[in-house]
Amino acid sequence: MKGYAMLKIGESGWIEKENPVCGPADAIVKPLAVSICTSDVHTLWEGAIGERHNMILGHEGCGEIVEVGELVKDFKPGDRVLIPAITPDWNSLEAQAGYSMHSGGMLAGWKFSNFKDGVFSELIHVNDADGNLALMPADMSPVDACMLSDMVTTGFHGVELADVQFGDSVLVIGIGPVGLMSVAGANLRGASRIIAVGTRPKCVEAARGYGATDFVSYKDGPIADQVLAMTNGEGVDRVIVAGGGCDTFQDAVKALKAGGKIGNVNYLGDGEFVTIPRVEWGVGMGHKDIRGGLTPGGRLRMEKLATLISSGRLDVSPLASHVFHGWEHIEEALFMMRDKPADLIKPVVVID
Ligand code: NAD
Ligand code: ZN
């Protein structure tokens, strides 16, 4: 089979590989569509997960099953399925402890384009098919389905980590596709005010559509100062971090009320330490919770989130700003994600 791979840090291209072998609990899936993630950019060009040779990239997609192992009960060849970015080993102790995304070690539930070949491939191997695949609703487009793999679940996980409650004021730092889904999730959870940090007109427009009430530009000065000025010096109840770096993280602490909660889903890409501002953290006694997490994956998660789209409660179509048709466009789509033209939210490649 052919796949589009990271050859080494900074270099990518098409390679030939042996077809994946379907174990007894596994499935082999032919993609219907795949989407490019900021994490692919971190992996390939920034060496975020270290050196990898000839590893097929990608972890967002949906497809049609071509083969299942003899132990798979609920899926069969021909089924159209959602594929989560995170495909845990559901028998692991970490999963039993409630942290399936860390099954096999910290962050190790993220297997595609990390510990094994990813989804930019003619054939995708999915471990524990009954636990990890979900049937794609008949009326769902492959483009929408791709947004469930990672963007919806991660953005919503930021909302879960920040524990957004009815009436909360929520600050969402970063309104790329993940942050946009955090805005949408905070809105679904009943936030009263959602302050979004971002400037690109396309993202601002989408964020407004998802329920953002106020906007802050990080180019206009420190985020925390602006948020405090907008809230009579009080700050917000919850902060979701979906963009920026370690310094931005400090703004999250500073803009938060005592007793507030921060949910970080952002990948903190450089620097050795994340510094917590001492005074604004209540000199250690401010009850400002900081939580950060890799998104959960797996079947139930995908099935439940899919119902939000099917029922019309969540429209993910604004995310897919650039839709290509055919494998020949995968490189263009990937490079586009790296270069981030102003009107880009998410590039998707449909495999016709
Ligand atoms: P993105 O790059 O499209 O969006 C990030 C946004 O943050 C951009 O719009 C950027 O302009 C903005 N930004 C940059 N600097 C900023 C600053 N100082 N203050 C505020 N905003 C700033 O990325 P994305 O696809 O939306 O993903 C967001 C983050 O989530 C990435 O770091 C990605 O790697 C990570 N991620 C995490 C998980 C997880 O499971 N936790 C899954 C997928 C992606
Ligand atoms: Zn992703």
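Sequence order as written defines the numbering, with residues in each chain counted from 1. Chains and ligands are labelled sequentially in the order written, the chains with letters from A and the ligands with numbers from 1. Per-residue local features are limited, in this predicted model, to residues with pLDDT of at least 70; the limit for side-chain atom pairs, both in listing and counting, is 80 or more; totals at the level of whole chains, interfaces and linings are taken over all residues. With hydrogens and water set aside, each side-chain value is computed from the structure's full complement of heavy atoms.

**Details of the coordination of the zinc ion (ligand 2)**
For the zinc ion (ligand 2), every protein donor is listed as Cys37 (SG), His59 (NE2), Glu60 (OE) and Asp150 (OD), and the spread of their distances is 1.9 to 2.3 Å. Coordinating N, O and S atoms are those within 2.8 Å of the metal (3.2 Å for Na, K and Ca), and as water is not part of the atoms, a site may appear to have fewer donors than expected. Square planar and octahedral sites, with four and six donors, are those where opposite donors lie more than 155 degrees apart and all other angles lie between 65 and 115, tetrahedral sites have four donors with every angle between 85 and 135 degrees, and the rest are irregular. One way to put it: the four donor atoms around the zinc ion (ligand 2) meet at angles of 96 to 123°, and that makes the site tetrahedral. Sequence positions of the residues that donate to the zinc ion (ligand 2) give the spacing C-x21-H-E-x89-D. Here Glu60, found in strand β5 (residues 60-68), pairs with Asp150, found in helix α4 (residues 142-162); they are 90 residues apart in sequence, far enough to count as distant. Glu60 sits in the buried class, given a relative accessible area of 0%. Put simply, DSSP marks the helices as runs of H or I at least four residues long and the strands as runs of E at least two long, and each gets a number from the N terminus on. When accessible area is computed with a 1.4 Å probe and restricted to protein chains, residues below 20% of their type maximum are described as buried, those above 50% as exposed, and intermediate ones as partly exposed.

**Observations regarding the site of ligand 1**
Throughout, near means a residue has at least one heavy atom within 4 Å of the molecule or strand. Taken together, 25 residues lie around ligand 1, and Thr38, Val178, Val265, Asn266 and Thr295 are the ones closest in. Between ligand 1 and Val265 there is a distance of 3.1 Å, counted from a nitrogen atom to a backbone nitrogen or oxygen. Separating an oxygen atom of ligand 1 from a side-chain N or O atom of Lys340 is a distance of 3.1 Å. Only α1 (38-45), α4 and α5 (177-188) provide two or more residues apiece to the shell around ligand 1. Sorting elements by how many residues they give to the shell around ligand 1 places α1 first, with three residues. Start and end points for every domain follow an automatic or database-based domain assignment. If you count residues domain by domain, the shell around ligand 1 takes at least three from each of domain 1 (2-152 + 295-350) and domain 2 (156-292). Each polar contact in these results corresponds to two N or O atoms within 3.5 Å; when the atoms are within protein, one needs to be able to donate a hydrogen and the other to accept it, and residues that are neighboring in sequence are counted only if both atoms are side-chain atoms.

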